[in-house]
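Structural overview for review
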Amino acid sequence: MSRVIAASGACALILVLLVACAASAARTEPGAARRLWDDGRKVGGRTEVTDEEGDREVQDLGRYSVEEHNRRRGEGCEDGGVCGRLEFARVVSAQRQVVSGVKYYLRVAAAEENGAGTNGVSDGRVFDAVVVVKPWLQSRALVRFAPADA
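In short, a report on the structure. Remember, predicted model here, so these are calculated numbers, not experimental data. (Residues numbered from 1 in each chain as written. Predicted model: local features only at pLDDT ≥ 70, side-chain atom pairs only at ≥ 80, totals over all residues. Heavy atoms only, no water.)

**Details of the overall build of the protein chain**
Assigned secondary structure in the protein chain consists of three helices and five strands. Of all intrachain contacts in the protein chain linking residues separated by at least 6 positions in sequence, the fraction that spans at least 24 positions is 49%. (Helix = DSSP H or I, 4+ residues; strand = E, 2+ residues; numbered from the N terminus. Contact = heavy atoms within 4.5 Å.)

**Quick word on the environment of glutamine 97**
Mapped onto the secondary structure, glutamine 97 falls in strand E2 (residues 86-99). Along the chain, glutamine 97 and valine 132 lie 35 residues apart, while their C-alpha atoms are 9.3 Å from each other.

**Quick word on helix H3 (residues 56-72)**
Across its 17 residues, H3 extends 24 Å between first and last C-alpha, which sits within 8% of the 24 Å expected from 1.5 Å per residue. Buried within H3 we find Val58, Gln59, Leu61, Gly62, Tyr64, Ser65, Val66, Glu68, His69 and Asn70. Where H3 is buried, its residues meet E2, strand E3 (101-112), strand E4 (125-134) and strand E5 (139-147). (Expected span 1.5 Å × (residues − 1). Buried < 20%, exposed > 50% of the residue type's maximum accessible area, 1.4 Å probe, protein only.)

**Topic: the pairing of E5**
Bridge count between E4 and E5: eight bridges; the pairing is antiparallel. Paired with valine 132 across the strands is alanine 141, a residue of E5. (Pairing = 2+ DSSP bridges.)

**Some points on the packing of aromatic side chains**
Throughout the structure, instances matching the rule amount to one aromatic pair. The ring of tyrosine 105 is capped by arginine 46, whose NZ or CZ atom sits 3.4 Å from the centre of that ring. (Phe/Tyr/Trp six-rings, centres within 6.5 Å; stacked < 30°, edge-to-face > 60°. Lys NZ or Arg CZ within 6 Å of the ring centre and 35° of its normal.)

**Examining the nonpolar core**
Soluble, globular proteins show a tendency: their nonpolar side chains are buried together. Membership of the largest hydrophobic core comes to 19 residues, with the highest contact counts inside it found for Val58, Val66, Val91, Leu106, Val108, Val131 and Phe145. In this view, valine 66 contacts Leu86, Glu87, Phe88, Val108, Ala110 and Phe145; residues no more than four positions away in its chain are not counted. (Core = buried A, V, L, I, M, F, W, Y, C linked by side-chain atoms within 4.5 Å.)

**Details of the environment of glutamate 87**
Looking at where glutamate 87 falls in the secondary structure, it is placed in strand E2. Each C-alpha atom of the pair glutamate 87 and glutamate 67 lies 8.1 Å from the other, and the pair is 20 residues apart in sequence. Here glutamate 87 is in contact with Val66, Ala110 and Ala111, once residues within four sequence places are set aside.

**Points about the side chain of asparagine 70**
Inspection of the secondary structure puts asparagine 70 in helix H3. Residue asparagine 70 is classed as buried on the basis of its relative accessible area, which comes to 8%. In terms of polar contacts, asparagine 70 uses its side chain to reach the backbone carbonyl oxygen of leucine 86, at 2.8 Å. Residues contacting asparagine 70, with those up to four places away along its chain left out, are Gly84, Arg85 and Leu86. (Polar contact = N/O pair within 3.5 Å; in protein donor to acceptor, adjacent residues only side chain to side chain.)

**Focus: the pattern of salt bridges**
For the coordinates displayed, the defined rule picks out eight salt bridges. One salt bridge in this structure joins arginine 71 and glutamate 68, with 2.5 Å as the shortest N-O distance. Taken as a pair, arginine 71 and glutamate 68 lie in helix H3 at a separation of three residues, close to a single helical turn. The class for arginine 71 is exposed, based on a relative accessible area of 61%. For glutamate 68, a relative accessible area of 10% puts it in the buried group. (Salt bridge = Lys/Arg side-chain N within 4 Å of Asp/Glu carboxyl O.)

Interpretation note: all reported values are geometric properties and have no functional meaning in isolation.
Next up, the structure:
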């Protein structure tokens, strides 16, 4: 008998929750969910960082990418990679993408130790860097660092 009462109580609770959800959905403005994605964004898509020069995290990641390149610089010299030591100047542009963490696509200006750069940037050469940040693990990893296409 007590099992029947417990089961009917659980059913009543589920019924109340379903009615509450239905009532909440009915109050939502029609088409509101569709408008959330009408601006062209996609789940997992890249978004522009609007103030990359004022975004401290983005600038820190740009600095990290150059430091990490300098640490690894002997690894890609045979394949036409950048072999010289670089000095970070600034992040020129940035995009974010939510993946398992946050993937940053950075365009970094850096000066080579031995002289001025190309690509029309007064700070030196321009490089594309991809950095993945996982804040819950307190980790960041440089995935790619290469000269930007002209």
